[in-house]
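Here is what each chain is made of, one letter per residue.
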Amino acid sequence: MAANNYRHALFCAIVTLIISFPILGFNLEAKGVNIELTGAKTSTIVAVILAAVAVFVFQAYRDSFMGLLGKLPKLNPLAGREPMEQSKRVKLESWVLTGIVVLALFWPFVVSRGSVDLATLVLIYIMLALGLNVVVGLAGLLDLGYVAFYAVGAYTFALLSQYTGISFWMALPIGALLAGLTGMILGFPVLRLRGDYLAIVTLGFGEIIRILLNNWTTLTGGPNGIGGIPEPTLFGMEFGRRIKEEGNTSFHETFGIAYSGEHKVIFLYLIALVLAVITALIIRRFMRMPVGRAWEALREDEIAARSLGLSRTAVKLSAFTIGAFFAGFAGTVFASKQGFISPESFVFLESAIILAIVVLGGMGSQLGVILAAIAVTILPELAREFSEYRMLIFGAAMVLMMVWRPQGLLPMRRIHITLNKQG
Amino acid sequence: MTTSLKKIVTAISTSVALMGVGHAAADIQIGIAGPMTGPVAQYGDMQFSGARMAIQQINANGGVMGEKLVAVEYDDVCDPKQAVTVANRLVNDGVQYVIGHLCSSSTQPASDIYEDEGILMVTPASTSPEITERGYELVFRTIGLDSMQGPVAGNYIASQNPKRVAVVHDKQQYGEGIATAVRDTLKDKGVEIAMFEGVTAGDKDFSSLVTKLKQADVDYVYFGGYHPELGLILRQARQADLDAKFMGPEGVGNKDINTIAGEASEGLLVTLPPSFDQKAENKSLVKAFEDKGEDPSGPFVLTSYAAVQLIAQGIEAADSKDPFDVAAALRSGSFETPIGNVQYDKAGDMKSFEFVVYEWHSDGSKTPIN
Amino acid sequence: MQDLLYFSQQLINGLTIGSAYALIAIGYTMVYGIIGMINFAHGEIYMIGAYTALIAITGLTALGLAWLPLILIVALLCAMIVSSSMGWAVERVAYRPVRGRHRLIPLISAIGMSIFLQNYVHLAQGSRNIGFPALIEGGFNFSADGAFEMSLSYMQITIFVTTLVCMTALSLFISRSRTGRACRAVSQDLGMASLLGIDTNRIISATFIIGASLAAVAGLLLGMYYGSIDPLFGFIAGLKAFTAAVLGGIGSIPGAMLGGLILGVSESMTSGYLSGEYKDVVSFGLLILILLFKPTGLLGKPEVEKI
């Protein structure tokens, strides 16, 4: 057994060397007009060899390592505890959510402008992730092209404001409805496909919409994007230094205070916050309605659900449409925040990041999704010093998370009702 | 449940703590915003290297109005979303002058914020005409426009009396902008445009395009875009025996095109700003770059250098550190920089920025064509 | 005549790319057939194969080796060894621990692995496009009276022939060899196969190794054919190859071949007769249409719903 162990360990170490040495140990460099091969720094080579040795040692003594790890005191002292009672848990969760919202309301007034701006971005991601959570987490439909609906929302506002001069508040419902409608139209034919086929078809739709936006230069400006998208107004008051539209007054003049760019950033943040809260509440409502139960039923067992008389298409379509609707919501806010949009903001990686948020948060759980959105958006910002390694770490974190805690940060527990004991 | 509470509290408090940190304002801060990572990081390197050198040299000569310049660097990855975040952080950090951004699609949303917040911006690389079309007061550039470069190329091609010309672009802001300008110039001159078509940036297989060019029997092909795509088109065209002359903008004019296209890059025509590093008066500057182990020949190195220098000269001319005064001074004055004499028009574009047609050789050198 | 030549030229272009897509698609289709997951990182393994091949070629040329077939064979072997080790390691690290969990878990893990590998190569080799030397040059030219000349390069012939050889070898391997039989058994029913004494872990590893080796072959061939490589090009090619696999019916090896060829030809015809801007729209649109009318792909076995 032991010899076998060493053989396996040696094999693993050799594989480590094979996969890391050629790529890390040699550099292809352009010298003038030729490509030349140079050896990497000695430190790199030493690191590669050390890695191989580490793999060898770990694999050879894997069992004892694992044993040691098991003996360590549990990192989380609460891990072994009985799960909390359902009613208490739900109550606590809503308290925590309320607490977050209250905290978030006061937050912009104490921190710097950059943080508020970042927090707005986080809120946009929260909206997107909550919407995708309906599709993926609740209904179990794997959507890899979610960013398409986000793009529909953003472009609807941008185009309407460019051609008709519509305001943010008018565009918000229109953008969301159009995105929902797109979801419904796209969803209708594809939703009868199963699992992974659905994934690739939605991915295809996402790409098609992006390419169309990029190529339809006469309407969308193609790669030049659309600029000059207005910011939201507060009862006709604008937040810019100068008034852009006639008939509007400016915020700082109305209240007789000095102009400050922070007002605009904070206002946008508050709008995003309110919209995110609305999104969360509406989806929470849906989850408890028959349609929400139907989503989960269909996710858990399609055949059983159908034999109970649920219409597969209608249930799936409703999830898809609602998900798309909120993506449109988020898209409108995004367009307003950026003031300029172009197709390069709606690439596949964006869909992957939103999906990662949903999965990291624990599919189906709202609180988890919110925390994951915060983590995924803020961590790369904090790790700017390691900006070179940012995406590398992001990728590795996705894999490790799936291996070690696939249920996500805060997994959803089933909502169920216990019958009152008859006395 | 307490665990999640703890997590929330830690998450929030760390983010407050870490993001609230600003730079202590001292001296004159010059923000440099461009891609340090991502697919166009190599152009970002040029920008950072040029701007750092200018700051270093100006400080060595006693700074500006007795104060030192301090570089504050930001990475926007050339992503419009991150560019806005970066712009807000700049505002946060109290920076009043920015060198950047590099990509037009990042510069545009960021400039909205700078204009609103009274930050003076000089982009050393964004060539999209739209950036200065919006009547902004604080937006300048030290590079020519797509709409200046296109006509130079178009006029040159027209002067060669071609039978048919194909104009191809990479469906990106920069490439399509120039390609459109070239097409319009050619149309005005009555040259027959056989095709005007986009390819996908990042694509590798251009065999269908090359076949189409061959079928159309063109003798000139203009490509608006960057070297990775044109390099492959050149090489695949040579493989398929396509006999046509190729031409591109400054985005294709670097030695990487030689490593990709090899022999096929011989005879490629490129419109470039005159190579500032070849100018006699820049000899000592070029040497300073070379002493540092950096290459001054990239298209955005000296434009970034000039951008810093213009801000410094503008501050001195205005005798004020207020960006609005500096902007007014830049518009009214005339400044000597390594990229030549700079005067600004009302929009913030240079009154003259020359582009020259070069012939590229397979050893990476180039000769001007007159 | 002119038009016919033009059409045939575009057909050749499409078939060349299509057969390379097919080589990559094998990796997707075999893995899906056996463990039912989309190996999103497969495109990156193909990219690593291309990088290894280029490193080997540059190194050998620098050492003064001039005999072309030897350079190619050594480069191919290096690429295959590194890629297949990578495929093996990826499966062990990222997929085996999550096997059997909810279907989304391995998918996310795979997307994470794909991002990781892209950035791994990006950090090690830089992000710029690196030229790949054209080792096989020249070709046949066919011309009618008109000006248009159709050409069939030796490189294109090499790609056809290599793909054909690889596919034949793979089919023989799957149908005749002991491991091949075990592969088929595992893809029919993993649990049953393991009950019958087949080491399923071994077979799954073998699947990843085979897929990765074929991707490495494609990496070398396409690297030479295109002329440059960069850390991002695997992702796009992977997406296309995956589309090809689904188009032909995922899980089916002849399906992957057919799907690859259809995709390649439809792309080149779109660029040739419409515009290159729309070639991705057409290929994804084609995929959606085929799936709508034949939801398991062209050659896929119809899935029987359990009742």
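Residues numbered from 1 in each chain as written. Chains lettered and ligands numbered in written order. Predicted model: local features only at pLDDT ≥ 70, side-chain atom pairs only at ≥ 80, totals over all residues.

Report on the overall build of chain C, specifying residues and quantitative values.
What chain C contains, in helices and strands, is 11 helices and four strands. Taken against the 2.2 N^0.38 rule, which gives 19 Å for 307 residues, the C-alpha radius of gyration of chain C at 20 Å falls within 12% of a compact globule. Over its C-alpha atoms, taken along the principal directions, chain C stretches across nearly 65 × 50 × 35 Å. Buried positions account for 57% of the 307 residues belonging to chain C. By sequence separation, contacts in chain C at least 24 residues apart represent 75% of the contacts at least 6 residues apart. (Helix = DSSP H or I, 4+ residues; strand = E, 2+ residues; numbered from the N terminus. Rg over C-alpha atoms; globule rule 2.2 N^0.38 Å. Buried ≥ 20, exposed ≤ 12 C-beta atoms within 10 Å, placed from the backbone. Contact = placed C-beta atoms within 7 Å.)

So what about the overall build of chain A? Which residues, and what values?
Within chain A, the regular secondary structure consists of 17 helices and four strands. Every one of the 423 residues in chain A was classed for burial, and the buried ones make up 48%. Looking at chain A alone, contacts between residues at least 24 apart form 75% of all its contacts between residues at least 6 apart.

Pulling in residues and values, what's your account of the sheet that holds strand E1 (residues 28–34) of chain B?
Residues and elements named next belong to chain B. Ordered in space as E2-E1-E3-E4-E5, the five strands form an open sheet in which the pairing is parallel. Of all the strands in the sheet, just strand E2 (69–75) and strand E5 (139–141) have a single pairing partner and so form its edges. Direction aside, the axes of adjacent strands within the sheet are offset by 25° on average. Sheet contacts for helix H4 (residues 104–117): strand E3 (97–100), strand E4 (120–123) and E5; angle to E4, the most-contacted strand, approximately 155°. (Pairing = 2+ DSSP bridges. Axes fitted to C-alpha atoms, helices over the stretch in contact; angles between N-to-C directions.)

Quick one: what's the story with the nonpolar core, residue by residue and with numbers?
By size, the foremost hydrophobic cluster in this structure holds 342 residues, and its most contacted members are Met127(A), Ala129(A), Ile357(A), Ala373(A), Tyr222(B), Val308(B) and Ile311(B). Among the elements that make up this core, the one with the highest residue count is helix H5 (residues 113–138) of chain A (18 residues). When residues of this core are assigned to domains, at least three map to each of domain 1 (2–71) and domain 2 (90–404) of chain A. (Core = buried A, V, L, I, M, F, W, Y, C linked by C-beta atoms within 7 Å. Domains from an automatic or database assignment.)

Before we move on, could you go through the interface of chain A and chain C and cite the residues and values that matter?
With 43 residues of chain A at the contact, the number on the chain C side is 54 residues. Take the side of chain A that touches chain C: its biggest share by element is 11 residues, from helix H8 (residues 195–215) of chain A. Looking at the side of chain A that touches chain C residue by residue, the classes come out as 34 nonpolar, five polar and four charged. (Nonpolar A, V, L, I, M, F, W, Y, C, P; charged D, E, K, R; others polar.)

Any chance you could break down the UniProt feature "transmembrane region" (unreviewed entry) in chain C for me, citing the residues and the numbers?
All names here are of chain C. The UniProt feature table records "transmembrane region" (unreviewed entry) at residues 20–38, 45–64, 70–90, 102–121, 154–174 and 203–226. Within the segment residues 20–38, helix and strand shares are 84% and 0% respectively, and the terminal C-alpha atoms sit 19 Å apart. Secondary structure within residues 102–121 divides into 90% helix and 0% strand; the distance between the first and last C-alpha atoms comes to 30 Å. (UniProt positions renumbered as here; feature names shortened; annotations may be inferred.)

With reference to specific residues and values, describe H5(A).
Along an α-helix, a turn takes 3.6 residues, which lines up residues three or four apart on a common side. Residues and elements named next belong to chain A. In a regular helix each residue adds 1.5 Å, so 26 residues correspond to 38 Å; H5 covers 36 Å between its end C-alpha atoms and thus fits that length. Maximum bend of H5: about 35°, positioned at leucine 132. In terms of residue burial, H5 counts as a mostly covered element, since 26 of its 26 residues are buried. (Expected span 1.5 Å × (residues − 1). Bend = angle between axes of the 7 residues up to and from the residue.)

Break down the pairing of strand E9 (residues 245–248) of chain B for me, citing the residues and quoting the values.
All names here are of chain B. Sheet topology note: the strand E8 (residues 220–224)/E9 ladder contains three bridges and is parallel. Across the sheet, residue valine 221 finds its bridge partner in E9, namely phenylalanine 246. Taken together, E8, helix H9 (residues 227–239) and E9 constitute a β-α-β crossover, and its handedness is right-handed. As defined by bridge partners, E9 adjoins strand E10 (residues 269–272) across two bridges and the pair is classed as parallel. Looking at the pairing, glycine 248 lines up with valine 270 of E10. (Right-handed = clockwise from strand over helix to strand, strands pointing away.)

Could you give an account of the confidence of the model for chain C, naming the residues involved and the relevant values?
Within chain C, residue pLDDT values average 88, and 96% of them lie at 70 or more. Confidence estimates for the predicted assembly give a pTM of 0.86 and an ipTM of 0.88. (pLDDT = per-residue confidence, 0-100.)

Could you give me a rundown of the sheet that holds E10(B), with the residues and numbers involved?
All names here are of chain B. Taken in spatial order, the seven strands make up an open sheet running E7-E6-E8-E9-E10-E13-E14, and their pairing is mixed. Each edge of the open sheet is held by one strand with a lone partner, namely strand E7 (192–198) and strand E14 (366–368). Here the strands of the sheet are splayed against their neighbours by 25° on average, with no regard to which way each runs. Pairing of strand E6 (residues 164–169) with E8, which is carried by five bridges, proceeds in the parallel orientation. Paired with histidine 169 across the bridge in E8 is glycine 224.

I'd like a rundown of the packing of helix H17 (residues 390–404) of chain A against helix H4 (residues 104–125) of chain C, residues and numbers included.
Two elements in contact, H17(A) and H4(C), have axes separated by 7 Å at closest approach and are oriented at 150°. Here H17(A) lies roughly antiparallel to H4(C), going by the angle between them. You can see that H17(A) and H4(C) cross each other, and the crossing is left-handed. Residues Met391(A), Leu392(A), Phe394(A), Gly395(A), Ala396(A), Met398(A), Val399(A), Met402(A) and Val403(A) of H17(A) pack against Ile105(C), Ile108(C), Ser109(C), Ile111(C), Gly112(C), Met113(C), Ile115(C), Phe116(C), Asn119(C), Tyr120(C) and Leu123(C) of H4(C). In terms of residue class, the contact of H17(A) with H4(C) is made up of 16 nonpolar, four polar and no charged. (Parallel < 35°, antiparallel > 145°, perpendicular 65-115°, else oblique. Left-handed = near helix turned anticlockwise from the far one by under 90°.)

Before we move on, can you summarise the environment of Leu190(C) with the specific residues and values?
For Leu190(C), the position within the fold is in helix H7 (residues 190–195). Separated by 155 residues in the primary sequence, Leu190(C) and Ile35(C) place their C-alpha atoms 8.1 Å from one another.

I'd like to hear about the domain arrangement of chain A, residue by residue, with values.
Looking at the assigned domains, one finds that chain A contains domain 1 (2–71) and domain 2 (90–404). The C-alpha-based centres of domain 1 of chain A and domain 2 of chain A are spaced at 41 Å.

Tell me what's going on with the packing of helix H8 (residues 207–216) of chain B against helix H1 (residues 2–35) of chain C, and back it up with residues and numbers.
Remark: H8(B) packs on H1(C), axes separated minimally by 9 Å, with the N-to-C direction vectors making an angle of 165°. With respect to H1(C), the axis of H8(B) lies roughly antiparallel. The element H8(B) and its partner H1(C) pack so that their crossing is right-handed. Counting all contacts with H8(B), which are made through Ser207(B), Ser208(B), Thr211(B) and Gln215(B), the residues of H1(C) involved are Tyr6(C), Gln9(C), Gln10(C) and Asn13(C). Across the contact of H8(B) with H1(C), the residue classes tally to one nonpolar, seven polar and no charged.

Lay out the environment of Pro189(A) in plain terms, naming residues and giving numbers.
Residue and element names in this part refer to chain A. Topologically, proline 189 is positioned in helix H7 (residues 168–190). What makes proline 189 partly exposed here is the crowd of 13 C-beta atoms within 10 Å. Considering only alpha carbons, one finds proline 189 and threonine 313, 124 residues apart in sequence, at a separation of 9.6 Å.

Can you tell me about the pairing of E4(B), naming the residues and giving the values?
Residues and elements named next belong to chain B. Covered by surrounding structure in E4 are Leu120 and Val122 together with Met121 and Thr123, the residues of both alternating faces. Note that E3 and E4 share three bridges and pair parallel. Bridging from a neighbouring strand, valine 98 pairs with methionine 121 of E4. In this fold, E3 hands off to H4, which returns the chain to E4; that crossover is right-handed. By the bridge criterion, three bridges tie E4 to E5 in an arrangement that is parallel. Residue threonine 123 lies in a different strand from E5, and its bridge partner there is arginine 141.

Account for the confidence of the model for chain A, naming residues and giving values.
On average, residues of chain A carry a pLDDT of 82, and 87% of them reach 70 or more. Per-element averaging of pLDDT across chain A places strand E4 (residues 249–250) of chain A at the bottom with 68 and helix H6 (residues 147–163) of chain A at the top with 93.

Before we move on, could you go through unusual backbone geometry and cite the residues and values that matter?
All names here are of chain B. In this model, glycine 100 is joined to histidine 101 through a cis peptide bond whose omega is -10°. Positive phi values are uncommon outside glycine, yet asparagine 161 reaches one of about 50°. Here asparagine 161 shows up in the loop between helix H6 (146–159) and E6. Here the phi dihedral of aspartate 217 falls at roughly 55°; this positive angle occurs in a residue that is not glycine. Considering the arrangement of structural elements, one finds aspartate 217 in the loop between H8 and E8.

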